[in-house]
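Structural description and commentary
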Amino acid sequence: MSQTILLFNINKDRHSALQAVCRSLEIRIIDVMRKDYAQQLGALAQIKGFQRKPRNYNGPEFPAEMLVFSEMNSDEIDTFLEEYRKTGLAPVGLKAVITSHNVFWSPEELFKELLKEHLTMGQK
C-alpha cells in the first residue's frame with residue numbers, strides 16, 4: 001500500500017507545485033493519460049487485485065482538473081491540502097477519495113459525479 005494521488009488534466013504550474021508537495025510528503029503521483037480514462041480507478045491507482053483492461057478512452061479531455069486520493073486517510077489528505085495551500089496556487093476544484101464504492105468506476109464516471117456535486121453545491 002502506498003499513498004497515491006491520481007492527477008487528471010493538471011496544468012503545468014500546478015503540476016510542478018503538486019510534485020514538490022508530494023515529494024516532501026512521500027506521496028506517489030500518477031499522471032493519468034487521457035487514453036486511460038476508460039480504466040477502473042483501482043487499476044489506475046495500482047491497487048492489488050485490479051488489472052488494466054485492453055481498452056482506451058476516445059472521448060474529449062476533461063474540461064476541469066481532478067485529483068483522486070488513494071490509500072490516504074483524512075489526516076493525510078488534510079496534511080497534503082495544507083501543504084498545497086502554502087504554494088499559493090488556487091485549489092483543484094474536483095477532488096475525490098477512492099472508496100469501496102467508486103474503486104470500480106472509470107475516471108469519466110467519477111468526473112461526471114464530481115462535476116454534478118460541484119455544480120449542485122455551487123447553487124446552494
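Our subject is the structure listed above.
The text that follows walks through the structure, step by step, so that each part is easy to find. (Residues numbered from 1 in each chain as written. Predicted model: local features only at pLDDT ≥ 70, side-chain atom pairs only at ≥ 80, totals over all residues. Heavy atoms only, no water.)

In this section: the pattern of salt bridges. Tallied over the entire structure, the rule returns 7 salt bridges. A salt bridge links Arg14 to Glu65; its shortest N-O distance comes to 2.7 Å. Here the residue Arg14 occupies a position in helix α1 (residues 12–25), and Glu65 occupies one in the loop between α2 (41–44) and β3 (66–70), the gap between them amounting to 51 residues. The exposure classification of Arg14 matches that of Glu65, with both residues buried. Note that Lys116 and Glu113 form a salt bridge whose closest N and O atoms lie 3.4 Å from each other. Linking Lys116 with Glu113, this pair stays in helix α4 (residues 107–122), spanning 3 residues, or about one helical turn. Its relative accessible area of 26% is what places Glu113 among the partly exposed residues. (Salt bridge = Lys/Arg side-chain N within 4 Å of Asp/Glu carboxyl O. Helix = DSSP H or I, 4+ residues; strand = E, 2+ residues; numbered from the N terminus. Buried < 20%, exposed > 50% of the residue type's maximum accessible area, 1.4 Å probe, protein only.)

Counting 23 residues, the largest nonpolar core has Leu6, Phe8, Met66 and Ile98 as the members making the most contacts within it. If you list the elements that add at least two residues to this core, you get β1 (4–8), α2, β3, β4 (94–97) and α4. Beyond its immediate chain neighbours, meaning those up to four positions away, Leu6 contacts Ile30, Val32, Leu41, Leu44, Ala45, Met66, Leu67, Val68 and Ile98. Judged by nonpolar contacts, the second largest core, of 15 residues, contains Leu18, Val21, Cys22 and Val92. (Core = buried A, V, L, I, M, F, W, Y, C linked by side-chain atoms within 4.5 Å. Contact = heavy atoms within 4.5 Å.)

As a further point, take the packing of aromatic side chains. If you walk through the whole model with that rule in mind, you get 9 aromatic pairs. An angle of 35° between the planes, with centres 6.2 Å apart, marks the rings of Phe8 and Phe62 as tilted. A residue pair is termed long-range when its members are at least 10 positions apart, and Phe8 in strand β1 and Phe62 in the loop between α2 and β3 qualify at 54 residues. For Phe62, a relative accessible area of 4% puts it in the buried group. For the ring pair Phe50 and Phe104, a centre distance of 5.3 Å and an interplane angle of 50° mean the geometry is tilted. Here Phe104 lies in the loop between β4 and α4 and Phe50 lies in the loop between α2 and β3, a separation of 54 residues in the sequence. The buried category is assigned to Phe50, whose relative accessible area is 19%. Site record: aromatic cluster; members linked through ring pairs are Phe8, Tyr37, Tyr57, Phe62 and Phe111. (Phe/Tyr/Trp six-rings, centres within 6.5 Å; stacked < 30°, edge-to-face > 60°.)

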